[in-house]
Structures are given as structure tokens and as C-alpha cells.
Amino acid sequence: MNRSPLENKPLPPEDRVGYALVGLGKLTLNELVPAFRLSNCSKLTALVSDDREKALEIARGLGLEEKDVYDYADYDRLAERPDVNAVYIVLPNALHREYTERAARIGKHVLCEKPLATSPEDAETMVRACAEANRLLMTAYRMQYTPQLWAARDLIEKGDLGRLKFIEAVDGQTEDDPGAWRLKRDLAGGGALPDIGLYCLNTARFLTGEEPYEVFAYQYSTPGDERFKEVEEAVYWTMRFPSGAVAHCTCSYDVAEAKYLRAHGQKGWLSLDPAFSYEGLRLEVVTEEGREVRQMREEDQFRLEIDHFSECILGGKRPFTPGEEGVQDQRLMAAIYQSAAEGKPVRVERLEGKDLFRGAPPRRG
Ligand code: NDP
């Protein structure tokens, strides 16, 4: 690999970053495999799965061979594959740490799905493991690679809304399979908060560029609802930022789908509705000049995210959402749970400055 995609043009296959997809579940099959097909500088070179039949069928569709299909026990044999530069971990949350550490040990870069882990300690260990192995670790925060979220961030940054006062963010959906790993504490680490509330949390951090110094939370599970025996149904919380801005966030596993955000400034407001979906993000801006829906190009969010990581690997750059971004969100989620348990606000370390944990911004345009 000696070429870097200096322009937004597809690289020839031999120059692309090769990935092993680890875990062939819904996200992998419905979103990531199609995203790799659209990619400019990434390619799939291996699959890791416990379901060999399924994996072989997908491999055939991708033009891969039997030798390109691994299971979790022989994952470490990816070490022998120079055409696998990185792994993309798409497993239940509690498995992210083990597969990241094993990847680092065999010299692979790691793109890991969100939430990065199930505790701040595990997330920190993952960052350390990759740093010690001199490999890159990126948290797969697809939202932060979308033109719509960047346009919203630019509006706030340029002062078009006046001084930002508060953000309201909601991520709700129905989780109705009581057997789902997302409802098992040992695999998911929590309920609605780490799965979908995380979008409210890190989009508020992304739009302000700031770090909250205090959170105040309340959590709820409907009594007797079998689904929420191990993890919470809903969390409602507030975060205070050093500039004085406040974010009010809500996530729920028991409402009809709702995924929106509003940012209110002294002179106007913007809305993203939907804000966190895979497609169709709609940015509306209301200022003294009037009301406008921004017409923006639709891009595959996962393609943007994966190609950003590949560009970082090719160019030796720190990703925009590195492991440290995931660690900071784990710390804040731990503070949110603590606040809900204690029924009072919880302070976290007050950090001044912008984009403290982020790396090189993604390509724009
Ligand atoms: P799925 O349940 O659909 O897939 C998970 C896959 O992991 C399974 O199909 C299986 O693959 C493998 N697996 C290995 N061990 C286990 C186990 N003990 N229990 C269940 N599955 C296991 O989950 P998703 O694809 O929806 O989610 C995977 C990850 O992606 C999660 O971390 C989730 O938070 C994240 N995600 C991120 C999204 C985003 O927008 N960025 C959206 C959705 C999910 P196999 O049969 O091949 O071994």
C-alpha cells in the first residue's frame, strides 16, 4: 500500500485497505457489506463468523474464497494474512474488548462498533492495547461523518444561530424481542443508553465540540415488563457544558421510532429530524432570515466512516473518532447511570477546549 487517496477517487484494489468483518449479524449484512461495495479505498478480504454456512454464502457473493472465512477460535490466524490490514468488529458490545485486544496482538488496526465497550475501564484497556501495538483504533461513530451533521456544526460554530443555549435530543425505538442480546446485561452492558442514547450524547458533544462537566439523570423501566428485567427501558438526562449550553437527552426502548435533535441559539435554531437514522437526515434552519430546509446530498454513512478509517491507515493519521472518543462517552455514560442511581447531579472532570479527544477531521465534499 503505497498510494494515498488524495482525491475522492477510487483506488485500485491492490492499493486499498483490506478488512476482516468480525460478526455477520444485521448491521454487517444490511449496511456494512453494501457500504464496502461503495467504498473508494477499502475492500473486504476476510470474514469471521461462527456460522460457517452463512459466512461461505456471503463470501461467495463477495468473490472471496473458503480460505477467507474464519471462526472466532481461529481469528488469531488473521495474523498470517498481509491483505487483512484492519478488522471491523461488529459483535455484541461485551465482546468488543476481547476482539480488539486480540487484533492488536496480531498487528491489525481496529474499527470497532459503538459503544466501544461496556465500561470505561474496558474501553481504556482497548485504547492502551492498540497504542502499545502501534495500531489505530477508531470508534465507529457513523453520524460524525455525515454532511448533515457537519453542516449543523458549522452553523453553530459560525454563530449563525447566535450563542448556543440548549440542545434537545431524542432517540427512541421499540425493542420487542425479549431474547435479544441487547436486553442481556452481560452482553450489552446496559439498555437504551449505550445502544441509542449514545447518539444523543455524542452528537451533543460533536455539535458543541465541548465536554460536559455535569450530568443529571433519571432512568425508568416499566414494572413487570419482562424485556427490562436486566437493562433499563429509558434514560432522561441533562448535561451542562462549560460554555453554559445545556443538552436535554432522552432515549427509550419502548416508543414508536423517534430520532431528532434541536439546537437553540439566541438568534435561531436548527433541527435534524430524523437526526440519527441511516438515511434521510433532514436539516432545517430557522434564523432571522427565515426558515430553510437545507438540500444536501445523501451519502452512505457507513461508507464515509469506513473510508475515513482507511485514509487514516494509509496516511498515518489519527481518526476523527478514535478510541479515546469512545472512552469519553463510556465515562459519561457511567456518570449518567451513577446520577440516576443516586438521584442527584454527578460532576465529571471539567475539561476546557474544543475537540479534545478527536483526531483529523474527515474529508469534506
Ligand atoms: P446482531 O445480533 O444482528 O449481530 C451480532 C453478531 O455477532 C451475530 O450475528 C453473530 O455473528 C455474532 N456473535 C458472536 N457472539 C455472539 C453472541 N454471544 N450473541 C449474539 N451474537 C454473537 O447485532 P448487530 O449487528 O445489530 O450489532 C452488532 C454491533 O453493532 C453492536 O455493538 C451494536 O451496538 C452495533 N450497531 C451499530 C449500529 C450503528 O448504527 N453504528 C447499528 C446497529 C448495531 P455470527 O453468526 O456471524 O458469528
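Residues numbered from 1 in each chain as written. Predicted model: local features only at pLDDT ≥ 70, side-chain atom pairs only at ≥ 80, totals over all residues. Heavy atoms only, no water.

Time to look at the pattern of salt bridges. Scanning the model with the defined rule gives 36 salt bridges in all. Between D195 and R182 there is a salt bridge, with its nearest N and O atoms 3.1 Å apart. You can see D195 sitting in helix α7 (residues 192-208) and its partner R182 sitting in the loop between β7 (164-174) and α6 (185-188), a full 13 residues away along the chain. Owing to a relative accessible area of 9%, D195 belongs among the buried residues under this scheme. Given a relative accessible area of 27%, R182 falls into the partly exposed group. Put simply, R205 and E325 hold a salt bridge, and the shortest N to O gap is 2.8 Å. (Salt bridge = Lys/Arg side-chain N within 4 Å of Asp/Glu carboxyl O. Helix = DSSP H or I, 4+ residues; strand = E, 2+ residues; numbered from the N terminus. Buried < 20%, exposed > 50% of the residue type's maximum accessible area, 1.4 Å probe, protein only.)

Near the ligand lie 24 residues; those nearest to it are S49, Y72, N93, R142 and W181. Note that an oxygen atom of the ligand is positioned 3.5 Å from one of the backbone N or O atoms of G25. Between the ligand and N93 there is a distance of 2.7 Å, counted from an oxygen atom to a side-chain nitrogen or oxygen. For the ligand, whose free accessible area comes to 900 Å², the fraction covered by protein is 81%. Among the detected pockets, the ligand sits in the largest pocket. (Near = heavy atom within 4 Å. Polar contact = N/O pair within 3.5 Å; in protein donor to acceptor, adjacent residues only side chain to side chain. Areas by Shrake-Rupley, 256 points an atom, 1.4 Å probe, with all protein chains shown as cover. 1 Å grid on protein atoms, 1.4 Å probe; cavity = no way out; pocket = protein on both sides within 12 Å on 5 of 7 lines; lining within 4 Å. Sits in = over half its atoms within 2 Å of the grid points.)

This part is about helix α8 (residues 301-315). Taking 1.5 Å of rise per residue, the 15 residues of α8 would be expected to cover 21 Å, and the 21 Å separating its terminal C-alpha atoms lies within 8% of that figure. In terms of burial, α8 is largely enclosed, as 14 of its 15 residues are buried. (Expected span 1.5 Å × (residues − 1).)

On to the pairing of strand β5 (residues 109-112). Two faces make up the sheet, and in a regular strand the side chains alternate between them. In β5, alternate side chains face the same way, and those of H109 and L111 on one face and V110 and C112 on the other are all buried. When strand β4 (residues 86-89) meets β5, the two strands line up parallel, connected through 4 bridges. Bridging across to β5, Y88 finds its partner in L111. Handedness of the crossover joining β4 and β5 through helix α3 (residues 96-105): right-handed. (Pairing = 2+ DSSP bridges. Right-handed = clockwise from strand over helix to strand, strands pointing away.)

Two elements in contact, helix α1 (residues 26-38) and α8, have axes whose closest approach is 8 Å; the angle formed by their N-to-C orientations is 65°. The handedness of the crossing between α1 and α8 is right-handed. Residues L27, E31, L32, A35, F36 and L38 of α1 touch α8, and the partners they reach there are F302, R303 and I306. Along the lines of polarity and charge, the residues of the contact of α1 with α8 split into 7 nonpolar, no polar and 2 charged. (Axes fitted to C-alpha atoms, helices over the stretch in contact; angles between N-to-C directions. Left-handed = near helix turned anticlockwise from the far one by under 90°. Contact = heavy atoms within 4.5 Å. Nonpolar A, V, L, I, M, F, W, Y, C, P; charged D, E, K, R; others polar.)

Taken in spatial order, the 9 strands of this open sheet run β14-β13-β12-β11-β7-β10-β9-β8-β15, and their pairing is mixed. Two strands in the sheet have a free side with no partner beyond their single neighbour: β14 (290-294) and β15 (346-347). Note that strand β9 (residues 234-240) and strand β10 (residues 246-252) share 7 bridges and pair antiparallel. In the strand pairing of β10, Y236 is matched with T250. Lying over the sheet, helix α9 (residues 323-342) contacts β8 (214-220), β9 and β15, oriented at roughly 65° with respect to β8.

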